Amino acid sequence: MVNRVLIRLKVVQLFYSYLLSKSDFKVEMPVETSSPDRRYSYSAYAELLLLILELSGVNVTKTVSKIQGLSDPEKLRFYRTNFSEALRENADIRRLIDDNAERMRSFDPIILPLIERLRSMPAYRTFVKAKRSQATPSDEIDFWTAALRMMFKMPEVIDILRTNPDFTERGFDSAQKMLLATLGGYGDSRNLLVNSRKDLKRSLDEAYALYHWLLWLPVEIVRAEEARLDANANKYLPTEEDLHPDRRFVDSKLVDILARHDELSRYFEQQGINWHEDLAIIPRLSEMVIQSEPYRKFMAEPGEKTLEQEAELWRTLFRQIILPSDDLAEALENKSIFWNDDLEVMSSFALKTIKRLAVDPDESLQPEFKDDEDAAFGSKLFNAVVANADSFRTYIDEFVNTRKWDAERVALMDIVILETALAEAITFPNIPLTVTANEYVEIANWYSTSRSGGFINGMFASISDKLFAEGKLLKTFTSK
């Protein structure tokens, strides 16, 4: 029910926010300089960074690793952590290992004593309390930050660093700052990535919540109108119309089905939410409905109304009166930052459900996802575009330059949409490329510039052909 159209939109939105917010995790690289302090600061930075890897169980000396010689290295909380694995997979780090393997053997005598010191730290005990499956990037970075601050003060570590003939105190101080900045950059980016994944799930869950809120709106609107009729009947001098109003609207069989629907009622009960928190919006919407032409036409026709007629009235009221309302838009924005973007898609599902309930009052509500594959679609797509964004950007820049476009003037949103489309093409081989292209062209037309759709379409086709030629994509636009 939360279909792939909406999921794609969510992934594009969150990936865009992620790129704007993330601080780059990067490994410092050496620069040509005549300054002894600068030269040594990088040497010490590299050695201490590789020391973290060695303590984490990654063999950087290309000999027998000391930590591997322990009887149970896996029991160490800092053994092969997410951070050490991220460093190990970094191309710059692999070059550092190649360049510094022999030098790092100088640290071999202190590896096992260092491990014991690390295990005795209060920060280690705190780290141990966070189970591996539940540990956050912050937990890991907090531990290694405390460990480094301790190592910066250890004479046995400093003595080995001093064996470098370029050693300077200022260079050592600068190395410490560089290293802590690298850890902080990793922590910021990883925490942001974790939070972005959570935001994706939350936004999809909230889209499903909007579906329920919209289905409940007729119940609240009818109750508001019924309260108005009761108030009129109890006026000091009620008219004949006040005493005997036409109740066909408030006695709606369809609204009664919604009000008594087990799934709908159970959802609101479990979530602990309802429209009662919005005391102003419901009377305003009710008044707009009662004054509308569809309502007047409905009430002007004599006779008892069928379920199908009631359903058609509410579908018309939603399309013409309720959904375009600025009051509703404001109320939804106050409830969730996602809902106004979700309104078009989720309202279509709510209207389909209303139509089906008129045919079968026992019709079940739409499930959040059609199947397990759809439920996993968003997270797989988001992970794929984050993991491959840099390589996709290389392809994009290549074709932008080939066509002599100004790369600096290509909108970031266009880059985000195109990278997400490419991630989908590679990650989901069963989805035809034409489907993927059409979906992201629509997103581009909606969210970006008037020329974006054509840009996305052309670039996606060209890059897809290149990926296919390189064996990185198993299909082309001409594949059958």
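Parameters and conventions
Residues numbered from 1 in each chain as written. Predicted model: local features only at pLDDT ≥ 70, side-chain atom pairs only at ≥ 80, totals over all residues. Heavy atoms only, no water. Salt bridge = Lys/Arg side-chain N within 4 Å of Asp/Glu carboxyl O. Helix = DSSP H or I, 4+ residues; strand = E, 2+ residues; numbered from the N terminus. Buried < 20%, exposed > 50% of the residue type's maximum accessible area, 1.4 Å probe, protein only. pLDDT = per-residue confidence, 0-100. Core = buried A, V, L, I, M, F, W, Y, C linked by side-chain atoms within 4.5 Å. Contact = heavy atoms within 4.5 Å. Axes fitted to C-alpha atoms, helices over the stretch in contact; angles between N-to-C directions. Parallel < 35°, antiparallel > 145°, perpendicular 65-115°, else oblique. Nonpolar A, V, L, I, M, F, W, Y, C, P; charged D, E, K, R; others polar. Left-handed = near helix turned anticlockwise from the far one by under 90°.

Applying the stated criterion across every chain, the model contains 29 salt bridges. Among the salt bridges present, the one from R95 reaches D92, with a minimum N-O distance of 2.1 Å. One end of the pair is R95 and the other is D92, both in helix α4 (residues 91-104) and three residues apart, which spans about a single turn. R315 is paired through a salt bridge with E312; the nearest N and O atoms lie 3.9 Å apart. Linking R315 with E312, this pair stays in helix α15 (residues 307-322), spanning three residues, or about one helical turn. Put simply, E398, K466, E470 and K472 are held in one network by salt bridges that share partners.

Along the polypeptide, V128 turns up in helix α6 (residues 122-129). Owing to a relative accessible area of 42%, V128 belongs among the partly exposed residues under this scheme. Taking C-alpha positions, V128 is 9.8 Å from F143, a pair spaced 15 residues apart along the chain.

Considering the arrangement of structural elements, one finds S196 in helix α9 (residues 169-233). Among the residues examined, S196 registers a relative accessible area of 5% and is labelled buried.

In the predicted model, the protein carries a mean pLDDT of 87, and 92% of its residues have values of at least 70. Helix α3 (residues 82-89) is the least confidently modelled element of the protein, averaging 76 in pLDDT, while α15 averages 96, the highest of any element.

Attention shifts here to the nonpolar core. Ranked by size, the top nonpolar core spans 106 residues in total, and within it L217, F249 and W314 carry the most contacts. The dominant element in this core, judged by the number of residues it contributes, is α9, at 18 residues. Contacts of W314, omitting those with residues within four sequence positions, involve P218, I221, V222, F249, S252, L254, V255 and I322. L50, V58, L118 and M178 belong to the second-largest nonpolar core, a separate cluster that totals 54 residues.

At their nearest, the axes of α3 and helix α7 (residues 137-151) sit 9 Å apart, and the two run at 80° to each other. One finds that α3 runs roughly perpendicular with respect to α7. Two secondary-structure elements touch here, α3 through N82, F83 and S84 and α7 through E140, I141 and W144. Each residue belonging to the contact of α3 with α7 can be placed in one class, and the counts come to three nonpolar, two polar and one charged.

Bringing the packing of helix α2 (residues 36-55) against α3 into the picture now. Closest axis-to-axis distance for the α2/α3 pair is 10 Å, and the angle between their directions is 120°. The orientation of α2 with respect to α3, classified from their angle, is oblique. Handedness of the crossing formed by α2 with α3: left-handed. Seen from α2, the contacting residues are L49, I52 and L53; seen from α3, they are F83, S84, L87 and R88. Along the lines of polarity and charge, the residues of the contact of α2 with α3 split into five nonpolar, one polar and one charged.

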